[in-house]
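# Fold and contact review
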Amino acid sequence: MSEVRTRFAPSPTGFLHVGSLRTALFAYAFAKSQGGKFILRVEDTDCQRCIPGAAEKIYEMLKIFGIDWDEGPLVGGSYAPYIQSERVRTGVYKKYAEQLLKGGHAYYCCCPPEELEQIEERHERKRIELRDPCRNVDIQEAQARIKKGEKLAIRLRVPENETVSYHDFVLKKEISWETNCIDEVMLLKTDGFPTYHLGVVVDDALMQISHVIRGRDWLPSTPVHLLLFKYLGFPLPQIGHLTDILDPGGGKLSKRKGAVSCEEFLADGYLPEAILNFIMLVGWAPKDNRELFTLEEFIINFQKGSLQIANPVFNRKKLDWFNGIYLRKKTDEELASLLKNYVPDGANVALVNQTVPLVKDRITKLSDYRLLAGFFFEEPKIDRALFSATAGVQLIKAAEVLGKIKKWEKVEIEEGLKKLIEKEKWETGDFFMNFRVAISGSKITPPITDSIVILGQKTTLSRLQQAAKMLE
Ligand code: GLU
């Protein structure tokens, strides 16, 4: 078998969507599991929405997730350049567009630019005017206009009454289209830049891509690509479309229901290895019920498992579960260092280190730290409604008992408080809830005696007294 070569071909339009991360991951694993190559190509030609710096962000993200490309921007390769806007300068797209013209499979579009835009818009809105009147313009006449300085775009000429089809190796079925329903898409724009269709076909062919793996969104473009591969005399790669990722609330995964970009998840304190492990199982299933995979293990298991056909649901709770698992695999030192961006400004490092063992089992993501442990660093804001009716007296007496403790250690503290609760015949739960709120401002904290050991006697007493005062 000739070498397996897959590619990830993002357009730099913004953040890296988790769906795109999955496309990259599956294309990467598909190649790596068969000793093949993974190529990164930036598709920035047909793109009014391209954002400066977005390509660099994509490189950074892929690196964070450990998805290294064998060829592409930054690393080069035999088919460089790998950024389409740079490839335009080599004249490669124009060359193939002209080859199509010569073969009668494309035609010059003589519509004035404003009209062109309207036509494209109409096509996009699916009120498709499939055949453009320009298809009947004589090629010599069009060339004469170009000689006079006019800039003409080039469109695909779609044949009538034919069928195009291919076998989708992911969806595992033959898919076909009647050519009468295929749009005569733009291939080369008046500025000499290719559209997505021409760019993707020419580059997949020249870069010897053996397997195209991409999102289901691109399925409607496939018949156009099939025609282009055929007319340009390029061998057809295997093509596979991944499932759509569904939102638990129904429909496709959407921003309205929460984060969808890798950047957002990372900023929220999800670990790259947890996001990656979660994404592995969104549309791929191992042979057994195993859930935990490193990237290396995923590659080893990839061929034994299968790409799924049914649309998977993006289960955020499951992502939380994975993140918890990976957080708890960290040593305390590693976790303390990961928490650096999540602690209050100027937080004392030694104090952070002390709190890590207390929060480790209790946080789902790094950003939870502030909520759970913020009271170690700043005075809590207390809502008096959180206290029960018995709080005032409990806090005063607790402060008295704790004030007398000579050795500020867990055993002494626990003993002192236990005796007090017994003597006063308080409900243990009620007492500790009031105590917790006075110390932290919250009903949910790390173990409270461990916490006050770290806070120290002075701060503990002052918080109890302040809360008691508030309740006077
Ligand atoms: N440039 C397209 C994108 O932004 C690539 C689609 C494909 O893989 O063919 O996702």
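Our structure's up above, just so we're on the same page.
These notes cover the structure that comes with them.

Criteria and cut-off values
- Residues numbered from 1 in each chain as written.
- Predicted model: local features only at pLDDT ≥ 70, side-chain atom pairs only at ≥ 80, totals over all residues.
- Heavy atoms only, no water.
- Core = buried A, V, L, I, M, F, W, Y, C linked by side-chain atoms within 4.5 Å.
- Buried < 20%, exposed > 50% of the residue type's maximum accessible area, 1.4 Å probe, protein only.
- Helix = DSSP H or I, 4+ residues; strand = E, 2+ residues; numbered from the N terminus.
- Contact = heavy atoms within 4.5 Å.
- Phe/Tyr/Trp six-rings, centres within 6.5 Å; stacked < 30°, edge-to-face > 60°.
- Near = heavy atom within 4 Å.
- Polar contact = N/O pair within 3.5 Å; in protein donor to acceptor, adjacent residues only side chain to side chain.
- Areas by Shrake-Rupley, 256 points an atom, 1.4 Å probe, with all protein chains shown as cover.
- Nonpolar A, V, L, I, M, F, W, Y, C, P; charged D, E, K, R; others polar.
- Axes fitted to C-alpha atoms, helices over the stretch in contact; angles between N-to-C directions.
- Parallel < 35°, antiparallel > 145°, perpendicular 65-115°, else oblique.

### Focus: the nonpolar core
By size, the foremost hydrophobic cluster in this structure holds 100 residues, and its most contacted members are Ile 67, Phe 298, Leu 402 and Phe 435. Looking at this core, the element that brings in the most residues is helix α1 (residues 18–32), giving 10 residues. In this structure Ile 67 touches Leu 21, Ala 24, Leu 25, Tyr 28, Phe 38, Leu 62 and Leu 276, once residues within four positions along its chain are discounted. Counting 51 residues, the second-largest nonpolar core is a separate cluster that includes Val 92, Leu 101, Val 212 and Leu 219.

### Overview of the packing of aromatic side chains
Here the structure, examined in full by the defined rule, presents 25 aromatic pairs. Ring centres of Tyr 28 and Phe 38 lie 5.5 Å apart, and the angle between their planes is 90 degrees; this geometry places the pair in the edge-to-face category. Separated by 10 residues along the polypeptide, Tyr 28 in helix α1 and Phe 38 in strand β2 (residues 37–40) bring together distant segments of the chain. Among the residues examined, Tyr 28 registers a relative accessible area of 9% and is labelled buried. A relative accessible area of 0% places Phe 38 in the buried class. Relative to Phe 302, the ring of Phe 30 has its centre 6.5 Å away and its plane inclined at 85 degrees; by these criteria the two rings are edge-to-face. Taken together, the positions of Phe 30 in helix α1 and Phe 302 in helix α11 (residues 295–302) put the pair 272 residues apart, joining distant regions of the chain. Judged by relative accessible area, which is 9%, Phe 30 ranks as buried. A relative accessible area of 4% means that Phe 302 is categorised as buried.

### A few points about the site of the ligand
Neighbouring the ligand are the residues Arg 7, Ala 9, Pro 10, Ser 11, Glu 43, Tyr 196, Val 200, Arg 214 and Trp 218. Arg 7 has a polar side-chain atom sitting 2.5 Å from an oxygen atom of the ligand. In this structure, Ser 11 approaches the ligand through a side-chain N or O atom, which is 3.1 Å from a nitrogen atom. About the coverage of the ligand: the protein hides 85% of its 290 Å² of free accessible area. When the residues that make up the shell around the ligand are grouped by side-chain class, the tally is 5 nonpolar, 1 polar and 3 charged.

### Topic: the packing of helix α18 (residues 428–440) against helix α20 (residues 457–470)
Packing of α18 against α20 brings their axes to within 8 Å, and their N-to-C directions diverge by 105 degrees. Of the possible angle classes, the one that applies to α18 and α20 is roughly perpendicular. Here Phe 435, Ala 438 and Ile 439 of α18 come into contact with α20, specifically with Thr 460, Arg 463, Leu 464 and Ala 467. Each residue belonging to the contact of α18 with α20 can be placed in one class, and the counts come to 5 nonpolar, 1 polar and 1 charged.

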